[in-house]
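# Summary of the model geometry
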Amino acid sequence: MTIIDVRTPDPKRFIPGATGDWEVIIGMEVHAQVTSNSKLFSGASTAFGNSPNANVSLVDAAMPGMLPVINEECVRQAVRTGLGLKAQINKRSIFDRKNYFYPDLPQGYQISQYKDPIVGEGKIVISLGPDRQGNFEDIEIGIERLHLEQDAGKSMHDQHPTMSYVDLNRSGVALMEIVSKPDMRSSDEAKAYMTKLRSIVRYLGTCDGNMDEGSMRADVNVSVRRPGEAFGTRCEIKNVNSIRFIGQAIEYEARRQIGILEDGGSIDQETRLFDPSRGETRSMRSKEDAHDYRYFPDPDLLPLEFDDAYVEELKTHLPELPDDKKARFVTELGLSVYDASVLVSEKAIADYFEAVAAGRDGKAAANWVINDLLGALNKAGKAIEETPVSPGQLGGIIDLIKDGTISGKIAKDLFEIVWAEGGVPAEIVENRGMKQVTDTGAIEKAVDDIIAANPDQVEKVKAKPTLAGWFVGQVMKATGGKANPQAVQALVKAKLGIEE
Amino acid sequence: MSVDLATVKRVAHLARIAVSEEEAQRMMGELNGILGFVEQLGEVDVSGVEPMTSVMPMAMKERDDVVTDGSKADDVVANAPVSDRNFFLVPKVVE
């Protein structure tokens, strides 16, 4: 396979070494567990966390004579993911056996796809930034392929001094292996790629993206070179299970390789493991053991075939994906690229925002969702799904500001009440007397009182008109924040004789 | 195409089949006989002929995505030489 370098070396991503600059080259293979009820080739459940070997059929345990029958939903999910990656869909693909021995692989082979995967070349656009000027940089990362394969079981090595414990619940669960081209040039790009891929599969509902439970894990290929030279020898870091670790593993591995090369050594192509507790990678398999998988077409399975109509049907029902949603938020709702990016980062956040923004001002809705709601959720360590404030309640608060019932400041207090106690915003405002005072007479009296009580300040403000703000503050304080700030400002200026 | 003794041993190792020197020698002969036969087949011009995947022209059967199996951990581990609380136990494997 000829690998084409699609990127132009960019000095801002170079890693300085003792003997000059280096460039890191990254490609990733991401294993994403397909969201389905049953396994790829058996009717056993895919549920996480069941008791040992409860989700195992005799097919998954590789009992003699058991035959695989493909799950149509897993095929649909793979095609939908391919469409989400703007990729070529192969209407005919082949399942192959990848042969190796390990106790968590009872068949002695993994059913995978080798030469004819279900999905071919596609792309993902990642967005880096914002930089100091607030600009984002969009970079296209090529997808090489996506294929369907079986997951292996799980081994535990810490339960017994001389034995390993094997649970086959995960064995046979459908995985999509999504292979990128070696198009990434920094750990930030790799993290952005994983974040974006996770977001896309979550929008599509084809993988839950739950990295803690192992639903998504990455094998990261890292090599370094002098800028502009040919690709160097790569090392593969296996099974990295968090986005942060992907970044750390790449940083460490690039430094390690640069160190070896600068000392006059050479890189051995090998598989390495990232140890999060030490923040380093270490060699996992020796070269002598290099795997020879002896792929061949699985004689138990016919080619997987479907027609254009099948693909078109799936295409029509695809949800709006993050890039399209972001573009729509910017062009139709007038949001900044930054705000739109934050809102589309998770489908649940985008859904929440759209519910709040429906029939209201998009920018106001965006500000409340991003600054107040997401801020509070972040502080409380909650996910958007656990929000105590519903889109309806937040929308209610925004409506009360819009129609002048409450001031923006009171709205913040109201938000906290709704967050802590729940309830209908309009009723809370009514019951607790939080309404904004728009009655000019009442505000006028408050302004007069403050002016009468502070002759010194009145003298000062004549010399320095900006001090008018002090009076506005005092009036707001005296009215418990319920006075309309614009009205107070106008009255203060008028009474003190300050020109607009 | 033919295989030498080292290749026979390597393939046996990959398949985790223990072969003695004598067996390897014999297998090399047998395998080369088979490969010679396959080479004869290779003389037939099959350019433009799709590889046959089934005698009868048929599409692969698919199943609905429903849970129809499982919940039989006792059966699954019944033949395991060693098990504990329905886990399979195997000699420790750590890479």
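This one's a predicted model, so the numbers in the text were calculated from it and none came from an experiment. (Residues numbered from 1 in each chain as written. Chains lettered and ligands numbered in written order. Predicted model: local features only at pLDDT ≥ 70, side-chain atom pairs only at ≥ 80, totals over all residues. Heavy atoms only, no water.)

## Brief notes about the overall build of chain B
Of regular secondary structure, chain B possesses three helices and three strands. Listing every helix and strand of chain B by position from the N terminus yields α-α-β-α-β-β. Taking the principal axes of the C-alpha coordinates as reference, chain B spans close to 55 × 45 × 25 Å. Long-range pairs, those at least 24 residues apart, make up 28% of the contacts in chain B between residues at least 6 apart in sequence. Surface accessibility of chain B: about 7300 Å² in total, with carbon and sulfur atoms responsible for 59%. Within chain B, one finds 9 positive and 17 negative side-chain charges whose respective centroids are separated by 9 Å. (Helix = DSSP H or I, 4+ residues; strand = E, 2+ residues; numbered from the N terminus. Contact = heavy atoms within 4.5 Å. Areas by Shrake-Rupley, 256 points an atom, 1.4 Å probe, with all protein chains shown as cover. Lys, Arg positive; Asp, Glu negative; His and termini not counted. Charge placed at Lys NZ, Arg CZ, Asp CG, Glu CD.)

## Remarks on the packing of aromatic side chains
Residue and element names in this part refer to chain A. According to the stated counting rule, one finds 12 aromatic pairs over all chains in the structure shown. Ring geometry for Phe245 versus Phe274: centroids 5.7 Å apart, planes at 50 degrees, classification tilted. Taken together, the positions of Phe245 in helix 3 (residues 243-262) and Phe274 in strand 14 (residues 271-275) put the pair 29 residues apart, joining distant regions of the chain. Using a relative accessible area of 10% as the deciding quantity, one classes Phe274 as buried. Measuring from ring centre to ring centre gives 5.0 Å for Phe329 and Phe353, while their planes differ by 70 degrees; the resulting arrangement is edge-to-face. Taken together, the positions of Phe329 in helix 5 (residues 322-333) and Phe353 in helix 7 (residues 347-357) put the pair 24 residues apart, joining distant regions of the chain. (Phe/Tyr/Trp six-rings, centres within 6.5 Å; stacked < 30°, edge-to-face > 60°. Buried < 20%, exposed > 50% of the residue type's maximum accessible area, 1.4 Å probe, protein only.)

## A closer look at the interface of chain A and chain B
Each side of the interface is counted separately: chain A has 47 residues, and chain B has 38 residues. Both sides of the chain A and chain B interface together cover about 3800 Å² of buried area, and 58% of this is carbon and sulfur. If you look at where chain A meets chain B, you find one salt bridge. The shortest N-O distance in the salt bridge between Arg10 of chain B and Asp292 of chain A comes to 2.7 Å. Linking chain A to chain B there are 24 residue pairs in polar contact (both at pLDDT 80 or more). At the level of secondary structure, the elements contributing two or more residues to the side of chain A that touches chain B comprise strand 3 (70-71), helix 1 (72-84) and strand 10 (163-167) of chain A. Per-element accounting of the side of chain A that touches chain B gives the leading share, five residues, to strand 10 of chain A. A per-class count over the side of chain A that touches chain B returns 26 nonpolar, 13 polar and eight charged. In this structure, strand 3 of chain A lies alongside strand 1 (residues 62-63) of chain B, joined through two bridges in parallel fashion. Looking at the pairing, Asn71 of chain A lines up with Arg63 of chain B of strand 1 of chain B. (Buried area = accessible area lost by both parts, 1.4 Å probe. Salt bridge = Lys/Arg side-chain N within 4 Å of Asp/Glu carboxyl O. Polar contact = N/O pair within 3.5 Å; in protein donor to acceptor, adjacent residues only side chain to side chain. Nonpolar A, V, L, I, M, F, W, Y, C, P; charged D, E, K, R; others polar. Pairing = 2+ DSSP bridges.)

## Some points on the sheet that holds strand 10 of chain A
What the four strands build is an open sheet, ordered 9(A)-10(A)-3(B)-2(B); its pairing is antiparallel. Of all strands in the sheet, those bounded by a partner on one side alone are strand 9 (154-156) of chain A together with strand 2 (83-84) of chain B. Sheet analysis places strand 9 of chain A next to strand 10 of chain A, joined by three bridges and oriented antiparallel. Within strand 10 of chain A, the position partnered with Ser155 of chain A by the bridge is Val166 of chain A.

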